[in-house]
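Chain by chain, the residues run as shown.
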Amino acid sequence: MKRFKDVEHLVRLAALFAAGILVFSIARAQLVPATFGTLGHYRASAIDDVRAKPLVHAGQAACAECHTDIVDLRAKARHKAIACESCHGPLAGHASGTVETKPKLPVATPLCIHCHAANTGKPKRYPTVDIKDHAGSETCVTCHKPHDPRIQL
Amino acid sequence: MDSTRRDFLILGGKMFVMTGIAAAAFEHVLAGTPEKADTYNTADHWWAMLIDVEKCVGSGHCVRACKLENNVVDEAYFFRTWVERYHVDPLDMNHPIVDSPNGGMDGFPETYPDGKGKTFFVPKMCNHCVDSPCTQVCPVGATFQTNDGVVLIDKDYCLGCRYCVQACPYGCRYIDPRTNTADKCTLCYHRITKGLQPACCEACPTGARQLADLKNPSDPIHEFLRTHAVQVLKPQMATGAKIYYNGLDGSVR
């Protein structure tokens with residue numbers, strides 16, 4: 001007696017399944033990025049993409065490496081904790097030597113008043129001035145040297 | 001042929017050992033000098049930030065530095081970090097007046113009269129939540145949290161469906177009009193993984209913003225958290241926000 005009747009039906013079905021699985025595996029390998037899922041439900045190589053972004057601010061350590069005179073000048077000044085690039089702007093190109101041009105000197109007064117213009121929201125002990133009252137038409141740098149803002153006449 | 005089986009084995013053994021040594025040495029040559037090799041290990045860090053509201057003077061240095069560092073569209077409404085000014089009337093503490101002219105980028109030229117109510121500045125940014133709503137709603141896995149606790153966006157994989165922009169309870173996300181993909185603060189991941197400060201912390205003139213690594217036992221954040229009453233924004237949302245605010249007023253939303 002034949003054990004399986006009309007076995008060719010099952011063979012055909014199995015072949016159909018096998019073909020379906022093959023198509024699925026090929027499509028999946030093509031569509032899913034290589035590193036997707038290695039760390040979680042995301043493309044692990046996206047982390048490297050984010051990390052590869054070039055620096056724009058060089059960081060205080062890079063500035064202090066060469067400009068030791070300014071570091072010494074600021075050592076006892078009230079502005080000592082402020083990073084160079086806070087006022088001078090981002091200078092990673094200058095620090096790494098890829099940009100040859102000399103960095104521009106920031107324009108003093110508009111920069112100073114960002115922090116030091118009187119405004120009710122500022123902490124009580126923070127030094128602020130009403131700029132018109134305080135200096136009239138004089139610029140800040142006439143009396144205050146930005147690296148060491150004590151008045152030295 | 002006068003070489004014996006013994007000679008052959010000795011020679012073969014020598015060659016085997018030498019090949020092994022050469023291969024091991026070549027691996028070191030390929031890895032480059034120790035400084036250049038990438039020693040950053042995500043398992044050693046858990047990034048957070050401390051924002052001291054009492055130190056913030058609303059200068060806008062952080063906003064400008066962030067825009068330059070991360071090449072953010074130079075228009076209002078596109079900010080990875082911005083500074084809000086709160087003005088609270090003592091008779092109506094629940095309805096503070098909040099403004100943020102151009103994200104605080106040019107400072108706050110208009111001032112409130114002295115002596116009437118309370119005014120203070122609150123810098124805001126992505127909270128890099130542990131259970132972040134934005135990563136949970138992304139339909140394709142284009143935004144995720146790294147093993148060191150930073151929420152990032154895969155800009156190549158983002159569809160620009162804007163679901164995450166709506167999901168963020170802090171309003172920290174926006175659609176970059178140049179690429180039509182979601183964008184937000186990365187905690188300057190390209191900087192902190194190289195041992196540098198984020199641009200906003202670097203530029204802050206009063207030290208109101210400090211990067212913190214909670215897995216580093218010698219980080220001053222631990223001492224600060226023990227001795228100060230800090231808050232996170234919208235704790236009722238249970239997002240596990242990791243931007244800790246010191247001196248935050250109850251009226252801040």
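Cut-offs applied
Residues numbered from 1 in each chain as written. Chains lettered and ligands numbered in written order. Predicted model: local features only at pLDDT ≥ 70, side-chain atom pairs only at ≥ 80, totals over all residues. Helix = DSSP H or I, 4+ residues; strand = E, 2+ residues; numbered from the N terminus. Rg over C-alpha atoms; globule rule 2.2 N^0.38 Å. Buried ≥ 20, exposed ≤ 12 C-beta atoms within 10 Å, placed from the backbone. Contact = placed C-beta atoms within 7 Å. Domains from an automatic or database assignment. Nonpolar A, V, L, I, M, F, W, Y, C, P; charged D, E, K, R; others polar. Core = buried A, V, L, I, M, F, W, Y, C linked by C-beta atoms within 7 Å.

## Topic: the overall build of chain B
Here comes step 1: Counting its secondary structure elements, chain B contains 7 helices and 11 strands.
Here comes step 2: Its C-alpha atoms give chain B a radius of gyration of 25 Å, more than 25% over the compact-globule value 18 Å for 253 residues.
Here comes step 3: Each principal axis of the C-alpha atoms in chain B carries an extent, and together these give about 105 × 45 × 30 Å.
Here comes step 4: Residue burial in chain B is summarised as follows: out of 253 residues, 40% are buried.
Here comes step 5: In chain B, the share of contacts with a sequence separation of at least 24, taken over all contacts with a separation of at least 6, comes to 64%.

## Here we look at the domain arrangement of chain B
Here comes step 1: When the domains of chain B are assigned, the result is domain 1 (1-37) and domain 2 (43-246).
Here comes step 2: Using C-alpha coordinates to define each centre, domain 1 of chain B is positioned 54 Å away from domain 2 of chain B.

## Comments concerning the interface of chain B and chain A
Here comes step 1: Taken together, the contacts link 38 residues of chain B with 29 residues of chain A.
Here comes step 2: Where the side of chain B that touches chain A is concerned, the elements lending two or more residues are α2 (61-70), β4 (118-125), α5 (189-192) and α6 (199-203) of chain B.
Here comes step 3: Considering each element in turn, the side of chain B that touches chain A owes the most residues, 4 residues, to α2(B).
Here comes step 4: Residues that form the side of chain B that touches chain A fall into these classes: 15 nonpolar, 15 polar and 8 charged.

## Digging into α2(B)
Here comes step 1: The element α2(B) is largely enclosed, with a buried count of 9 among its 10 residues.
Here comes step 2: Looking only at α2(B), the buried set comprises B:H61, B:C62, B:V63, B:R64, B:A65, B:C66, B:K67, B:E69 and B:N70.
Here comes step 3: Against the buried residues of α2(B) lie α5 (84-88) and α7 (108-116) of chain A together with β2 (81-89), β4, α6 and β9 (209-213) of chain B.
Here comes step 4: Looking one or two residues beyond α2(B), the residue adopting positive phi is B:N71, at roughly 55 degrees.

## With respect to the nonpolar core
Here comes step 1: Core analysis: the largest hydrophobic core is formed by 69 residues, its most contacted members being B:L152, B:C200 and B:I243.
Here comes step 2: A total of 5 residues in this core trace back to one element, the largest contributor, which is strand β1 (residues 47-52) of chain B.
Here comes step 3: Residue contacts for B:L152: discarding those within four places in its chain leaves A:A46, A:I47, A:V50, B:T143, B:F144, B:T146, B:T186 and B:Y189.

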